[in-house]
Amino acid sequence: MKGRLPASERRAAVVDTACRVFARCSYRGATTAEIAREAGVTEPILYRHFDSKQALYFACIDDAWAQVRRAWEGAVEAEDDPRAWLAAMAGAFFDLGEQRSPVASLWMQALTESGDDPEVRRFLRRHLREVHDFVENVLQRCQEAGAVSGDRDARAEAWIFIAVGLLIAVTGRLGGLQQGDLERIRASRRAWLSGSP
């Protein structure tokens, strides 16, 4: 970083850099030295803002989710037809892309880490509950507008929506979905949610 930034801007720049490094290298593979170097700060400055590498990682997940949430809120607000809200949210997620918001990669890494670390497990549980509650709220609003069948369980459907997003993230890294599979998944989910054949 060139020149002196206010502490809040420096912190935001460190988080932005760390998100990219963690997404590229993984939580275990990234070092605070590498993050500090790429952010143009020293490790002591990095540790002024974050108590630990883990605290920085959690800040990255929260920041990436905040970007996705803003995109989803904007997509819903811009779409008049509640039947199109979920598709608009999915589109906004893809428009952000992995470079601008690597939230799915960070979630997958945290899932791996949660097996060994109860603190990561607690954080991820709380975090994914927040994501779930947002999606569930949108689904309930869709139901109130008649866009989603009232007999669908919005709570369960919110978890399915998140799971499909993770499936797509895994596929982006490993492959697996065949041509047209994603479109079939989306069409099937829309039909199920709306109650149409």
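Cut-offs applied
- Residues numbered from 1 in each chain as written.
- Predicted model: local features only at pLDDT ≥ 70, side-chain atom pairs only at ≥ 80, totals over all residues.
- Heavy atoms only, no water.
- Helix = DSSP H or I, 4+ residues; strand = E, 2+ residues; numbered from the N terminus.
- Polar contact = N/O pair within 3.5 Å; in protein donor to acceptor, adjacent residues only side chain to side chain.
- Salt bridge = Lys/Arg side-chain N within 4 Å of Asp/Glu carboxyl O.
- Buried < 20%, exposed > 50% of the residue type's maximum accessible area, 1.4 Å probe, protein only.
- Disulfide = S-S within 2.5 Å.
- Core = buried A, V, L, I, M, F, W, Y, C linked by side-chain atoms within 4.5 Å.
- Contact = heavy atoms within 4.5 Å.
- Axes fitted to C-alpha atoms, helices over the stretch in contact; angles between N-to-C directions.
- Left-handed = near helix turned anticlockwise from the far one by under 90°.
- Nonpolar A, V, L, I, M, F, W, Y, C, P; charged D, E, K, R; others polar.
- 1 Å grid on protein atoms, 1.4 Å probe; cavity = no way out; pocket = protein on both sides within 12 Å on 5 of 7 lines; lining within 4 Å.
- Points joined across faces, edges and corners; volume = space filled by probe spheres on them.

## Some words on the environment of R184
Line of reasoning, step 1. Looking at the element boundaries, R184 is found in helix α9 (residues 181-194).
Line of reasoning, step 2. Placed 165 residues apart in sequence, R184 and C19 show a C-alpha to C-alpha distance of 32 Å.
Line of reasoning, step 3. At 2.5 Å, the side chain of R184 and the side chain of D181 are in polar contact.

## Observations concerning the pattern of salt bridges
Line of reasoning, step 1. One pass over the full model with this rule turns up 13 salt bridges.
Line of reasoning, step 2. Put simply, D133 and R129 hold a salt bridge, and the shortest N to O gap is 3.8 Å. Remark: R129 and D133 occur in helix α7 (residues 118-144); sequence separation between them is four residues, near one turn of the helix.
Line of reasoning, step 3. The class of R129 is partly exposed, set by a relative accessible area of 31%.
Line of reasoning, step 4. Among the salt bridges present, the one from D151 reaches R152, with a minimum N-O distance of 3.0 Å.
Line of reasoning, step 5. One network of salt bridges, in which partners are shared, links D62, R69, E73, R126 and E130.

## Some details on the state of the cysteines
Line of reasoning, step 1. Throughout the structure, instances matching the rule amount to zero disulfides.
Line of reasoning, step 2. Unpaired in this structure, C25 has its nearest cysteine sulfur neighbour in C60, at a distance of 12 Å.

## A few points about the nonpolar core
Line of reasoning, step 1. Core analysis: the biggest nonpolar cluster contains 58 residues, and F22, L56, W72 and W107 have the highest contact counts within it.
Line of reasoning, step 2. Those elements that place two or more of their residues in this core are α1 (7-25), α2 (32-39), α3 (43-49), α4 (53-78), α5 (85-100), α6 (103-114), α7 and α8 (154-174).
Line of reasoning, step 3. The element that contributes the greatest number of residues to this core is α4, accounting for 13 residues.
Line of reasoning, step 4. Once residues within four sequence positions are removed from consideration, W72 is found in contact with W65, M89, A92, F93, V131, F134, V135 and F161.

## Notes on the packing of α4 against α6
Packed helix pairs are characterised by how far apart their axes lie and by the angle those axes make with each other.
Line of reasoning, step 1. At a minimum axis distance of 9 Å, the contact between α4 and α6 shows a crossing angle of 140°. The crossing of α4 and α6 is left-handed. Taking contact as the criterion, the partners of Y57, C60, I61, A64, W65 and V68 in α4 are, on α6, V103, L106, W107, Q109 and A110.
Line of reasoning, step 2. A per-class count over the contact of α4 with α6 returns 10 nonpolar, one polar and no charged.

## Re the layout of surface pockets
Empty space among the atoms can be located by rolling a probe the size of a water molecule over them.
Line of reasoning, step 1. What the largest pocket holds in volume is close to 560 Å³.
Line of reasoning, step 2. Around the largest pocket, the lining is made up of 27 residues, and of these L86, A87, A90, F161 and R189 lie nearest the centre.
Line of reasoning, step 3. Each residue belonging to the lining of the largest pocket can be placed in one class, and the counts come to 20 nonpolar, two polar and five charged.

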